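Notes for the structure review
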Amino acid sequence: MRSLISATRLLIAASPRIWAAGLTLSVLVLVMAAALLGLSGWFITAAGAAGIAGIGIGFDFFRPSAGVRFLALGRTAARYGERLVTHEATLKALAALRVDLLRGLSRRGYRALSGLRGEAALTRIVADVEALDGVVLRLWTPIAAGALTLALACLALWLLVHWSCAVLLAAIYGLFGAVILYRLGMRSVRPSAVHEARQQTLRRRLIDLLRDRDALIVGGRLRQAASRLTALDHGLRATARKLDRAERGAAFGLSTLTSLCVAGMILLCGALIADGRIDAPQVAIAVFVSLALAEILSGIRRGAAELGRTLIAARNVVADESGPSAPPATVRTAMSPRLDPDAPVLRIVREGAETVLSAGQGLALIGPSGSGKTTLLMQIAGLMPVGPTRIRIQGIDIADWPEDALRRQVVLLPQRSALMAGTVRDNLTLAAPVGDEDLRAVLECVGLTGTLAPRDGLDLILGEGGAGLSGGEARRLCLARALVTRPALLLLDEPTEGLDEIASHRLLAAIRDFLPDTALCAAMHRNQEHFVFDRILYHQ
């Protein structure tokens, strides 16, 4: 529940004044509805009693009838305004929430982001935002408006009718109504969790099916994948039916509660009128107000039925918005550093040992899997805190480099890189605004010229994630994007993974030919004896 409150604060913070106006209009709608029925009941009963007593000619019909018309028209206008205001506040809050969630993801560490599946994260964000679109609209606003309206109605009955009528109304609607809605919310938690998990799994599987449909067709696995989606859909419908039964059971309980409240009010007022404590028009007020207040419970029922789904979404949103964040940035200055022309491009000092890499030299990082080679590359790139290790680039400590200047000097190509939908030129110039001649030269370096030239070359349009290229071709294009910037220090994480010995040798040689003055640092499982590497650093 704490996460739900935190998520509610995030939503309300986007437009608190609009939410306050929406709550005010919601209370006004419920109060006018109760007042309309109460006044109508009193008016009809009082007019009938006056007619029976023979004093109808002296009864004031105009002011009560004007009040009925005012309340009827005012309720309609307030309802329209309430829908307009609260929906506007919801849309603004959700728009701000989406930005906050994406910003929270961007604050995560490089390692977390590199292992994040984009479609999975976006699917979950979409589902969480959809679940939270009614947390204020269908849960907290109806609860607050219902509580205020019930309190005002009880006060009115206390003053206009009798205190016992107010106590009965508060006990039945305030106590027993809350119990029914609470049980509905608790019964919906587990089925909602299962329903939400199945719904997100179905969305991800559907995305995977559409993305990999060609491979599934060729492998003859399309029918099997479709069968799994059908089974997920059947499970999703089963949990939806369970939630629907719980909501319909609560609706029956609330209808029964309303009937009991009206019946109890009639019996109580009958005893009071028999004792001469109230008259018939007052009875009409009490009975019709108790009937009108059924609306405060029905407005909360939908939010209570979705409580489980909302709780799950709130936990995800609060976790995404507040953490886990990336480690503190290594950049602490906004001033451009003064480079030392005599300093090596890279100096690493750890455990008393020093490794120096000058321009045009190469360093191979070797070691078993999980020994921290990738971590060291990220530390050199300024994407992770260095800890006890000291790293200096061109004579300047990594912590003293401004972000933009560091990115001009150092480029990291991780094992998992991404391409965007667009042309090959778009993907390459994303790194640096260079001309077509330089782009063709870098494609020749990575061996993609022969592959892309018959397919429109730089104008070849790629799909989302680089669709249209094989896995090896996409990785080479990512390498070309790193090379086109011509950095002073190039960091590569397993650049020859998936290539045979001859292709690996040619690729490393081509990189050195294209960037003869660039310092090269690469994490390698093999080929560390290649001539481009002047020294080897064993990492364990």
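The preceding data block contains the structure.
Calculation rules
Residues numbered from 1 in each chain as written. Predicted model: local features only at pLDDT ≥ 70, side-chain atom pairs only at ≥ 80, totals over all residues. Heavy atoms only, no water. Buried < 20%, exposed > 50% of the residue type's maximum accessible area, 1.4 Å probe, protein only. Helix = DSSP H or I, 4+ residues; strand = E, 2+ residues; numbered from the N terminus. Pairing = 2+ DSSP bridges. Salt bridge = Lys/Arg side-chain N within 4 Å of Asp/Glu carboxyl O. Axes fitted to C-alpha atoms, helices over the stretch in contact; angles between N-to-C directions. Parallel < 35°, antiparallel > 145°, perpendicular 65-115°, else oblique. Left-handed = near helix turned anticlockwise from the far one by under 90°. Contact = heavy atoms within 4.5 Å.

Some thoughts on the pairing of strand β10 (residues 519-523)
Of all 5 residues making up β10, 5 are buried, and the element is well covered by its neighbours. As paired elements, strand β3 (residues 362-366) and β10 share 4 bridges and run parallel to each other. Within the sheet, the bridge partner assigned to Ala364 lies in β10 and is Ala522. Taken together, the 5 bridges between strand β9 (residues 489-493) and β10 define a ladder with parallel strand orientation.

Let's talk about the pattern of salt bridges
Opposite charge on two side chains lets them pair, provided their charged atoms get close. All told, the structure shown has 13 salt bridges when counted by the stated rule. Residues Glu295 and Arg75 are paired through a salt bridge, measuring 3.5 Å at the closest nitrogen-oxygen approach. On the criterion of sequence distance, the pair formed by Glu295 in helix α11 (residues 294-305) and Arg75 in helix α3 (residues 62-106) is long-range, its members being 220 residues apart. Here Arg75 falls in the partly exposed class, since its relative accessible area comes to 27%. With its nearest N and O atoms 2.6 Å apart, the salt bridge here joins Asp459 to Arg425. Taken together, the positions of Asp459 in the loop between α17 (449-452) and β8 (461-462) and Arg425 in helix α15 (residues 424-429) put the pair 34 residues apart, joining distant regions of the chain.

A closer look at the pairing of strand β4 (residues 390-393)
On β4, burial follows the alternation: Ile391 and Ile393 on one face are buried, whereas Arg390 and Arg392 on the facing-out side are not. The pairing of strand β1 (residues 346-350) with β4 spans 4 bridges and is classified as antiparallel. Paired with Leu346 across the strands is Ile393, a residue of β4. Bridge count between β4 and strand β5 (residues 396-397): 2 bridges; the pairing is antiparallel. Considered in β5, the bridge of Ile393 is made with Ile396. If you look at the hairpin formed by β4 and β5, you'll find 2 residues sitting between the two strands, and Gln394 has a positive phi there, around 55°.

Observations concerning the packing of helix α9 (residues 222-274) against helix α10 (residues 280-292)
The N-to-C vectors of α9 and α10 enclose an angle of 165°; their axes lie 9 Å apart at closest approach. Taken together, the axes of α9 and α10 lie roughly antiparallel to each other. In the crossing of α9 with α10, the sense of the turn from one axis to the other is right-handed. Residues Thr258, Cys261, Val262, Met265, Ile266, Cys269 and Ile273 of α9 form the contact with α10, whose own contacting residues are Ala280, Val283, Ala286, Val287, Ser290 and Leu291.

Side note on the side chain of Thr258
Structurally, Thr258 is set in helix α9. Relative accessible area serves as the criterion here: at 12%, Thr258 is assigned to the buried category. Each residue touching Thr258, except ones within four places of it in the same chain, is listed here: Tyr173, Leu291 and Ala294.

These results come straight from atomic positions and should not be treated as a statement about function.
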